[in-house]
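Chain by chain, the residues run as shown.
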Amino acid sequence: MPDATFTRPDLTTFTRLDGLGLEVTGQLLEPDRSVLACRVVEPDDWCRRCGCQGVPRDTVSRELAHEPFGWRPTTLVLTVRRYRCKECSHVWRQDTTAAAPPRAKISRAGLRWGLVGIVVGHLSMARVAEGLGVAWNTANDAVLAEGRRLLIEDPTRLDGVKVVGVDEHVWRHTRRGDKYVTVIIDLTPVRDGTGPSRLLDVVEGRSKKAFKDWLAERDQAWRDGIEVVAMDGFAGFKTATTEELPDAVTVMDPFHVIRLAGDALDECRRRVQQELHGHRGRKGDPLYTARRTLHTGADLLTDRQHERLDKLFAGDRHVHVECTWGIYQRMISAYRHPDRAAGRVEMSSVIDALADSVPEALVELRKLGRTLTRSACDVLAYFDRPRTSNGPTEAVNGRLEHLRGLALGFRNLTNYIARALLEAGGFRPHLHPHLGRARSRFACRRGWCSR
């Protein structure tokens, strides 16, 4: 670093206490922690009642947990001077709100470190508490309160949302109590190609009422700005959207549409297996051996898989499975078609065929046809609005599953919602500006930005 300019060592600057209005006066290094003796820089000797100047009376001490250095917990011991007014005899302490909120046990820098550790570093709350040298409850209450104040309760957090995704999520695996919540995702960055999706909110329960009430709490201008809502086939979400967002277009995303076809294929395979062999699939049974090959796209099949399917469909024994598999492949090819208009025509022809000319013996395809006919407008809407898939919503669900693993499970839904928003709410660039600049450069290289 030939161009670097060095200054004299300064422990106050190194520990970032100058920004808290403190100055280090001494240090004590213990095996399990570091203790820094500090004093408040500003005298604060003017009476808050009458405005007269006071005189020093005595001092008191206040301990604060500070951000760790070298993963060793750091404790600040503040020497706070007390003053007494000559005129009204009022007694007060030096103002330490720059260093920490009133009655807090963690400094503002410590709160910032814990929040960055949760949001950017994906640390568990136990690891944050260990780094700060405080109890788990102390760290959890303070860091989550700071996250709500600084990030979650930001009035501009929901600005610019045009495309919304909604899905259910299992937040705990227990036999008692409601384990489902509704997650609302901002898919606007995905559609515009400017970044990943982000979590907007988590609502208790999975029902029409849960989603409808959340939409009703938003102001009218925000609701009028929503253009598209991506969802699965749940009728409750569809009805809530229709009632609260009458101008928005509902889109049934490809993942759930193909999943419906895949479930029909599996049900048909199991039915034929039972009719021919009288038992569930076993090792060596042709249908059971090909169960995964049947779910592979036709354009991705290897030569060995082609041979397996040719052998499977050689006779008439598996003709029902072959018909269902053909519909499944047509739906996949419609979504993969490079021309959106042609893909829409193909999907529309599949829906029409399933609605009109399916033999009664193909019960799985008839059931699939009824489902697709009811949701035809939502299914076909995807081809007119690319990049509105609910796939990013499933990705956020995966991040929440990872969060639950880090915390070894959650029991308090309020804490879970706060942690989920901090984990997947898109706050990393707010706490780590370098991430925002790196993302902008990446977007420009991909051709996503307007330059």
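Predicted model, so just to flag it, every value in this text is computed and none were measured. Just so you know, the residues in each chain are numbered from 1, in the order the chain's sequence is written. This being a predicted model, a pLDDT of at least 70 is required before a residue's local features are given, and a value of 80 or more before pairs of side-chain atoms are given or counted; all residues contribute to the totals for chains, interfaces and linings. Excluded from the side-chain calculation are hydrogens and water; included are all heavy atoms of the structure.

Undergrad: Residue-level account of the overall build of the protein, with values.
TA: A tally of helices and strands in the protein yields 19 helices and 10 strands. Considered along the principal axes of its C-alpha atoms, the protein spans approximately 100 × 55 × 50 Å. The buried label applies to any residue whose accessible area, calculated with a 1.4 Å probe on protein chains only, is under 20% of its type's maximum; exposed applies above 50%, and partly exposed to all values in between. Out of the 451 residues in the protein, the part that is buried amounts to 44%. For the protein, the share of sequence-separated contacts (at least 6 apart) that also reach a separation of at least 24 residues comes to 61%. Looking at the protein as shown, the accessible area adds up to about 24,300 Å², and 50% of this sits on carbon and sulfur atoms. For this count, His and the chain ends are skipped, Lys and Arg are scored as positive, and Asp and Glu as negative. Where a charge sits is defined by one atom per residue type, namely NZ (Lys), CZ (Arg), CG (Asp) or CD (Glu). Charged side chains in the protein number 70 positive and 59 negative. The centres of these two groups are separated by 5 Å. Only DSSP runs of H or I covering at least 4 residues are called helices, and only runs of E covering at least 2 are called strands; the numbering of each starts at the N terminus. Contacts: residue pairs with any heavy atoms within 4.5 Å of one another. Surface accessibility follows the Shrake-Rupley procedure with a 1.4 Å probe radius. Residue values consider only the protein chains on display as shielding.

Undergrad: Summarise the sheet that holds strand S6 (residues 163-170); cite the residues concerned and give the values.
TA: A pair of strands is considered paired only if DSSP assigns at least 2 bridges between the two. Sheet architecture is open: 5 strands sit in the order S8-S7-S6-S9-S10, paired in mixed fashion. For this open sheet the edge positions go to strand S8 (198-204) and strand S10 (249-252), each flanked by a neighbour on one side alone. Recorded for the sheet is a direction-independent mean angle of 25° between the axes of neighbouring strands. The pairing of S6 with strand S7 (residues 180-186) spans 7 bridges and is classified as antiparallel. Across the sheet, valine 164 pairs through a bridge with aspartate 186, a residue of S7. Between N-to-C directions, angles cover 0 to 180 degrees, with each direction set by a line fitted to C-alpha atoms, over the stretch in contact for helices.

Undergrad: How would you sum up the pattern of salt bridges? Please name residues and give values.
TA: Counted as salt bridges are all cases of a side-chain nitrogen of Lys or Arg within 4 Å of a carboxyl oxygen of Asp or Glu. Going through the model one piece at a time under the given rule, you end up with 25 salt bridges. Taking the shortest distance from any N to any O, the salt bridge between aspartate 186 and arginine 198 comes out at 3.0 Å. Of this pair, aspartate 186 sits in strand S7 while arginine 198 sits in strand S8, and the two are 12 residues apart along the sequence. Here the two residues aspartate 186 and arginine 198 agree in accessibility, since each one is buried. For arginine 344, the salt bridge identified is with aspartate 384, shortest N-O distance 3.5 Å. A residue pair is termed long-range when its members are at least 10 positions apart, and arginine 344 in helix H13 (residues 340-356) and aspartate 384 in helix H15 (residues 376-384) qualify at 40 residues. Judged by relative accessible area, aspartate 384 falls into the partly exposed class, the value being 46%. Here the salt bridges do not stand alone but share partners, grouping Lys208, Lys212, Arg223, Glu243 and Glu244 into one network.

Undergrad: Describe a negative patch on the surface, and please don't skip the residues or the numbers.
TA: Among the surface-exposed residues, Asp159, Asp219, Asp224 and Asp247 lie close enough to one another that they form a single negatively charged patch. Relative to the helices and strands, aspartate 159 is located in the loop between helix H4 (136-152) and S6. The patches described consist of residues with a relative accessible area above 30% and no salt bridge, like charges being joined within 9 Å and nonpolar side chains (Val, Leu, Ile, Met, Phe, Trp, Tyr) within 5 Å.

Undergrad: Break down the packing of aromatic side chains for me, citing the residues and quoting the values.
TA: Two rings belonging to Phe, Tyr or Trp (six-membered ring only in the last case) form a pair when the distance between their centres is within 6.5 Å. Interplanar angles under 30 degrees mark stacking, angles over 60 mark edge-to-face geometry, and anything in between is tilted. A full pass over the atoms with the stated rule returns 12 aromatic pairs. Consider the rings of tryptophan 71 and tryptophan 113, whose centres lie 6.0 Å apart with planes at 70°: the pair is edge-to-face. With tryptophan 71 in the loop between strand S3 (54-69) and strand S4 (72-85) and tryptophan 113 in helix H2 (residues 108-119), this residue pair connects regions lying 42 residues apart in the sequence. In this structure tryptophan 113 comes out as buried when scored by relative accessible area, which is 18%. With 5.9 Å between their ring centres and 75° between their planes, tyrosine 382 and phenylalanine 383 make a pair best called edge-to-face.

Undergrad: Could you give an account of the UniProt feature "domain: Transposase IS204/IS1001/IS1096/IS1165 DDE" (unreviewed entry) in the protein, with specific residues and numbers?
TA: UniProt positions are given in the numbering used here, feature names are shortened, and annotations may be inferred rather than shown by experiment. In the numbering used here, UniProt assigns the feature "domain: Transposase IS204/IS1001/IS1096/IS1165 DDE" (unreviewed entry) to residues 164-419. With 57% helix and 11% strand, residues 164-419 has end C-alpha atoms that lie 21 Å from one another.

Undergrad: I'd love a proper account of helix H16 (residues 391-406), names of residues and values included.
TA: In this model H16 runs 23 Å from its N-terminal to its C-terminal C-alpha over 16 residues, within 8% of the 22 Å that 1.5 Å per residue would give. If you check which residues of H16 are buried, you get Pro392, Thr393, Val396, Asn397, Leu400, Leu403 and Arg404. Each buried residue of H16 sits inside an arc of 155° when the element is viewed along its axis, so together they form one side. Along its buried surface, H16 packs onto S6, S7, helix H5 (188-192), S8 and helix H17 (413-424). Residue count minus one, scaled by 1.5 Å, sets the expected span of a helix. The arc under discussion is defined with respect to the helix axis, by the directions toward the C-beta atoms.

Undergrad: Residues and numbers for the pairing of S3, please.
TA: Looking along a regular strand, one sees the side chains alternate between the two faces of the sheet. Two elements, S3 and S4, share 13 bridges in a ladder whose sense is antiparallel. Each bridged residue has a counterpart across the sheet, and for aspartate 58 the counterpart in S4 is arginine 82. The hairpin turn running from S3 into S4, its antiparallel successor, is 2 residues long, and glycine 70 in that turn takes a positive phi close to 65°.

Undergrad: An account of the layout of surface pockets is needed here, citing residue identities and associated values.
TA: Unoccupied space between atoms shows up once a probe the size of one water molecule is rolled over them. The definitions used throughout rest on a 1 Å grid laid over the protein atoms alone, on which a cavity is an enclosed set of points accommodating a 1.4 Å probe that cannot get out and a pocket is an open set flanked by protein within 12 Å on both sides along at least five of seven lines; lining residues are those having an atom within 4 Å of a point. Grid points are joined across faces, edges and corners, and a volume is the space filled by probe spheres set on the points. Put simply, the largest pocket is a space of about 600 Å³. For the largest pocket, the lining is made up of 29 residues, of which Asp167, Asp232, Gly233, Phe234 and His256 are closest to its centre. Counting residues per element, the ones that place at least two in the lining of the largest pocket are S6, helix H8 (235-244), S10, helix H9 (254-277), helix H14 (363-374), H15 and H16. Per element, the largest residue contribution to the lining of the largest pocket is 5 residues, and it comes from H9. Each residue receives one of three labels: charged for Asp, Glu, Lys and Arg, nonpolar for Ala, Val, Leu, Ile, Met, Phe, Trp, Tyr, Cys and Pro, and polar for the others, Gly being one of them. Looking at side-chain class alone, the lining of the largest pocket contains 11 nonpolar, 8 polar and 10 charged residues.

Undergrad: Can you break down the environment of aspartate 201 residue by residue, with the values?
TA: Here aspartate 201 shows up in strand S8. Taking relative accessible area as the criterion, aspartate 201 reaches 18% and is therefore assigned buried. Considered as a pair, aspartate 201 and arginine 191 are 10 residues apart in the sequence and their alpha carbons are 19 Å apart. When residues no more than four places from it in sequence are discounted, the contact partners of aspartate 201 are Thr182, Val183, Ile184, Trp214, Ile417 and Leu421. Polar contact is defined as a pair of N or O atoms within 3.5 Å, subject to the rule that within protein one atom must be able to donate a hydrogen and the other to accept it, and that residues adjacent in sequence are counted only when both atoms are side-chain atoms. Polar contacts involving the side chain of aspartate 201 include one to the side chain of tryptophan 214, which spans 2.8 Å.

Undergrad: I'd like a rundown of the side chain of asparagine 140, residues and numbers included.
TA: Mapping asparagine 140 onto the fold places it in helix H4. Once residues within four sequence positions are removed from consideration, asparagine 140 is found in contact with Met125 and Asn415.

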